[in-house]
Amino acid sequence: MNRPPLSFWVKLLVVLLLAGAGGGIWLWKNNSEMPAEQRYRTRPVERGTLVQSVSANGTLNPVVLVTVGSQISARVTRLYADFNQRVKAGQVLAELDPALLVATEKQTLANLASARASLKLARANEERLQQLFAQEYISRQEMDQALQAREVAEAQVQVYEAQHGRDRANLYYTVIRSPVSGVVVDRQVDVGQTVAASLQAPVLFKIAQDLKQMQINSAVAEADVGAIAIGQDVDFRVDAFSERDFKGKVMQIRLNPTITSNVVTYNVVVSVENRDEILLPGMTAYITITTQTKHDVLMVPSAALRFRPAGKAESPNLSSVPAAGATEGTRKRAAGSLVHVLRGGKIQSVAIQTGITNGRVTEISDGDLREGDTVVLEDVTATPRPQSAPTGPRTRLF
């Protein structure tokens, strides 16, 4: 089989290059002649209500969660409460084995009886020696020794009385009672289990005082916490009821920060009414805190602020008169804000001042922009910028 000569392949390559160049010229002319209304994706400037918010995640918790522990070490003999059970203040939850404590109390009572007998004898000796001392049959030293013996006997009686009181208290603690009225959300012991109260009280039960009032402990980033204030409205959802919206209010912004991997967050506490008690402790809540609401303002899509026509500078240095009361940061932002509108089939640049934003829509607080103007969002014919090309400054190597 004969192969084509080299000249054939050269001619074929030239034809393909000419065809590609011709197609590119045709596309360029076609795009340049395309009407602006078709070339650009646009959106009219609208007037309405704009809501600025902060989003975060949190966990639902009871407002008051009481941990019931044991002050003594003993074996659990009976349980009177279980998970999800409603209890009242003073109700018995469990009983511990009192055998060792009863024996200790009996020993203390015996020692107390012996001390009282010794005290009785010391008082009798003191009375006899006082009579002898009055008749000068004994010395002052012997009288003082009798007084000391009586005082030591009295002190010993007080020691054993105190020990008996401690033993009675320990016996009282063998019956575990609920300190509040509420619902048992956790039980951490079983019958036959030995609880050891050595360094700290072991946890037996956890009782939520009122599940009709709950709170969300959420972690808000430090960049957003400045916009949050007590009393702001909160909307949130939970996975168990993903199609239902729940309401709450900001109750507290705790000053203690949490730092994880150099990320600083603050605990924002949201109060929640749970009248039907369908929200359970531990559920993950996805909250949205309404930080600011403005009515009857001009709004444009935030994409319009990022659009730049081909050949235009990315960050033009525009001059604009800031609004009264604007901060230095607002003046700088307003001076660099720019949108492009379609007027008479041509693109025109308009300097503006921006206000609040929710990420999708931005307020126009000042500038030569009116309701109904058509702002450009995107050039549909533009070639996307390669993502692999580095845009930041290069590091000089020495």
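Below you will find a few notes about this structure. (Residues numbered from 1 in each chain as written. Predicted model: local features only at pLDDT ≥ 70, side-chain atom pairs only at ≥ 80, totals over all residues. Heavy atoms only, no water.)

### Comments concerning the pattern of salt bridges
On inspection of all chains with the given rule, the structure shows 23 salt bridges. Notably, a salt bridge pairs Arg166 with Asp167, separated by 4.0 Å at the nearest N-O pair. The exposure class of Asp167 is buried, given its relative accessible area of 4%. Ionic pairing is found between Lys249 and Asp233, a salt bridge with its closest N-O pair at 2.5 Å. In this pair, Lys249 sits in strand β13 (residues 241-260) while Asp233 sits in strand β12 (residues 233-238), placing the two residues 16 residues apart along the sequence. The network of salt bridges with common partners includes Arg123, Glu126, Arg150 and Glu154. (Salt bridge = Lys/Arg side-chain N within 4 Å of Asp/Glu carboxyl O. Buried < 20%, exposed > 50% of the residue type's maximum accessible area, 1.4 Å probe, protein only. Helix = DSSP H or I, 4+ residues; strand = E, 2+ residues; numbered from the N terminus.)

### Some thoughts on the nonpolar core
Ranked by size, the top nonpolar core spans 21 residues in total, and within it Ile216, Phe236, Val238, Leu279 and Ile287 carry the most contacts. Elements with a contribution of two residues or more to this core: β2 (46-62), β11 (213-221), β12, β13, β14 (263-273) and β15 (284-301). Core analysis: the second largest hydrophobic core is formed by 20 residues, Val66, Val180, Val195 and Phe205 among them. (Core = buried A, V, L, I, M, F, W, Y, C linked by side-chain atoms within 4.5 Å.)

### Structural notes on the sheet that holds strand β4 (residues 74-79)
Strand order in the open sheet made by the four strands is β7-β6-β4-β9, with antiparallel pairing throughout. Of all the strands in the sheet, the pair left with one neighbour each is β7 (175-177) and β9 (194-195). (Pairing = 2+ DSSP bridges.)

### Focus on the packing of helix α3 (residues 99-134) against helix α4 (residues 140-172)
One can describe the packing of α3 onto α4 by two numbers: an axis separation of 8 Å at closest approach and a directional angle of 160°. Taken together, the axes of α3 and α4 lie roughly antiparallel to each other. Like other packed secondary-structure pairs, α3 and α4 cross with a definite hand, here left-handed. Residue composition of the contact of α3 with α4, grouped by class: 17 nonpolar, nine polar and 11 charged. (Axes fitted to C-alpha atoms, helices over the stretch in contact; angles between N-to-C directions. Parallel < 35°, antiparallel > 145°, perpendicular 65-115°, else oblique. Left-handed = near helix turned anticlockwise from the far one by under 90°. Nonpolar A, V, L, I, M, F, W, Y, C, P; charged D, E, K, R; others polar.)

### Comments concerning the packing of aromatic side chains
Applying the stated criterion across every chain yields a total of four aromatic pairs. Look at Tyr172 and Tyr173: their rings are 6.0 Å apart centre to centre, the planes differ by 65°, and that puts the pair in the edge-to-face class. By relative accessible area, which is 49% here, Tyr172 ends up partly exposed. Aromatic side chains Phe236 and Phe246 sit 5.4 Å apart centroid to centroid with 20° between the ring planes, which places their arrangement in the stacked category. Taken together, the positions of Phe236 in strand β12 and Phe246 in strand β13 put the pair 10 residues apart, joining distant regions of the chain. Exposure remark for Phe236: the relative accessible area of 1% places this residue in the buried category. Grouped by ring-pair contacts, the aromatic residues Phe236, Phe241 and Phe246 constitute a single cluster. (Phe/Tyr/Trp six-rings, centres within 6.5 Å; stacked < 30°, edge-to-face > 60°.)

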